[in-house]
Amino acid sequence: MAVLPMKKIEICAMKRDRKAILEKLQSLGMVEIQTDNEETDDFRKMSTTSQRVQNTDEALQILGKYAPEEKSIFASLEGRQEASEADIQEIIAGRRDYNRKVKKIQEISKDIAGCEANIVKCQVAIDGLVPWLNMDIPINTTETEKTDVMIGTMPPGLTETDIQGYISSAEPEMAGYTVTVVGSDKDQTCMVAIALKPVSQRVEEILRSHGFTRISYFSRRTPEQKTEKYREDIREFEQWIEDKKNELVSMAEDRDKLRLLADYYRIRADKYQVLGSLLQSKSTFVISGYVLERDADRVVAILNESFSLMADVYDVPEDEAAPIQLQNPKMFASAEGVLESFGLPGKGEMDPTTPMAIFYIFLFGLMLSDAAYGLIIFLACFILIKKFPKMDSALQKSLRLFMYCG
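So, here's what we can say about the structure. All values reported here derive from a predicted model rather than from experimental measurement. (Residues numbered from 1 in each chain as written. Predicted model: local features only at pLDDT ≥ 70, side-chain atom pairs only at ≥ 80, totals over all residues. Heavy atoms only, no water.)

Quick word on the sheet that holds strand 5 (residues 177–184)
Item 1. Spatially, 5-6-4-7 is the arrangement adopted by the four strands of the open sheet, whose pairing is antiparallel. Whereas interior strands pair on both sides, the edge strands pair on one side only; in this sheet they are strand 5 and strand 7 (213–214).
Item 2. Pairing geometry for strand 4 (residues 147–154) and strand 6 (residues 189–196), over eight bridges, is antiparallel. Residue pairing across strands places Val-149 opposite Ile-194, the latter belonging to strand 6.
Item 3. Lying over the sheet, helix 5 (residues 160–170) contacts strand 4, strand 5 and strand 6, oriented at roughly 145° with respect to strand 5.
Item 4. Across the sheet, helix 6 (residues 197–209) touches strand 4, strand 5, strand 6 and strand 7, and the angle it forms with strand 6 is around 150°. (Pairing = 2+ DSSP bridges. Helix = DSSP H or I, 4+ residues; strand = E, 2+ residues; numbered from the N terminus. Contact = heavy atoms within 4.5 Å. Axes fitted to C-alpha atoms, helices over the stretch in contact; angles between N-to-C directions.)

Let's talk about unusual backbone geometry
Item 1. The backbone phi angle of Ser-369 is positive, close to 50°, even though this residue is not glycine.
Item 2. Positionally, Ser-369 belongs in the loop between helix 12 (353–368) and helix 13 (371–387).
Item 3. When its relative accessible area of 57% is taken as the criterion, Ser-369 is described as exposed. (Buried < 20%, exposed > 50% of the residue type's maximum accessible area, 1.4 Å probe, protein only.)

A word on the state of the cysteines
Item 1. Under the definition given, this model contains zero disulfides.
Item 2. Here Cys-381 stays free of any disulfide, with the sulfur of Cys-405 as its closest cysteine sulfur at 8.7 Å. (Disulfide = S-S within 2.5 Å.)

As for the packing of helix 13 against helix 14 (residues 393–405)
A pair of packed helices can be characterised by two numbers: the angle between their axes and the separation between those axes.
Item 1. Close contact between helix 13 and helix 14 brings their axes to 8 Å; oriented N to C, the two are set at 150°. Judged by the inter-axis angle, helix 13 sits roughly antiparallel to helix 14. Two packed elements cross with a definite hand, and for helix 13 against helix 14 that hand is left-handed. Where helix 13 abuts helix 14, its residues Ile-377, Phe-378, Cys-381, Phe-382, Leu-384 and Ile-385 lie against Gln-396, Leu-399, Arg-400, Phe-402 and Met-403. (Parallel < 35°, antiparallel > 145°, perpendicular 65-115°, else oblique. Left-handed = near helix turned anticlockwise from the far one by under 90°.)

Overview of the packing of aromatic side chains
Item 1. Tallied over the full model, the rule gives two aromatic pairs.
Item 2. When the centroid spacing of 5.8 Å and the interplanar angle of 75° are considered together, the rings of Phe-364 and Phe-402 count as edge-to-face. Of this pair, Phe-364 sits in helix 12 while Phe-402 sits in helix 14, and the two are 38 residues apart along the sequence.
Item 3. Summarising the aromatic geometry, the rings of Phe-378 and Phe-382 are spaced 5.9 Å apart at their centres and angled 20° between planes, so their arrangement reads as stacked. In this pair, Phe-378 and Phe-382 both sit in helix 13, four residues apart, roughly one turn of the helix.
Item 4. When the ring centre of Tyr-230 is taken as reference, the NZ or CZ atom of Lys-226 above it lies at 5.0 Å. (Phe/Tyr/Trp six-rings, centres within 6.5 Å; stacked < 30°, edge-to-face > 60°. Lys NZ or Arg CZ within 6 Å of the ring centre and 35° of its normal.)

In structure tokens, the structure reads:
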């Protein structure tokens, strides 16, 4: 029915009390603190950051990935569960232990990711060894007592006859060498050349002139043995990952406690974020914000009871955009979300929520024009509102509006 009148409030107090004053304002929930104040020579902002909220949220995401919760289709309507004072105090008292659990969850997740990366590396290596599986000598073989061994690759599509033809064309009279193609794929021909040491250098020169490159992979095992070793490593990594996943599942019983911990740190982070936006001198600080006219005297009285400070309440300047808060009966308040989607009324303007809600509901029913459909909509919304009283307020308003429309 109306746009509630708003006042500007400024509080100047001792710097040592800034955290306690912010906590008091947060608990009252009546003041919206202004964070875009400009610095001066005497009053500056202090940088503050918090990593614990991010760490705890990340731990919860990890648990959600490896130990997902079973949720009903109406889980989004349930809203946040309220924690008892005992639970909150338990979290505060045991936060160091829970922080260690958060760190442990993150470490396990990183280890799992590392093992998964190693599995990919092993699989890539196995794929790379496929063309070499017919080679029955160790990959790092380079020579025997009387011969040099050249293991490498040449352009794709070559046969042993092609390669031997390159050598015989360059050196028709040369003997004492052999060429074996052990495998190939679309990118390369995998081959082994064995030559007596007196002619091996010349053989390699000829091969290089036709694209020969020695293999850069070295192992004392044969390709088949090395492939089996990679597969064994993959099995070990997979078993280790499975063990770590089971460990994460066992830690999922602390999920609710970690949610409380995240909320605790989020509240603290919000406080410190506000702290970073306050103008502070060496020994004092200033808070600027907005408070409803009806709550202004109460806020000032409560602050003066607990702290030594100066609080000044005055009209919001004409050139300043103050927050807008509407006040309507429950039935018409359900349409505030529709109004907000088009834009809230400004200071001194009329609140059109009530007439808009009346016409919205009437025209909805006129267009639907079916009593059965209307009854279904009414009953569905009514049941959801009663069954999930803690759902998000915006969602509740929307359901209440459609209940009236039904």
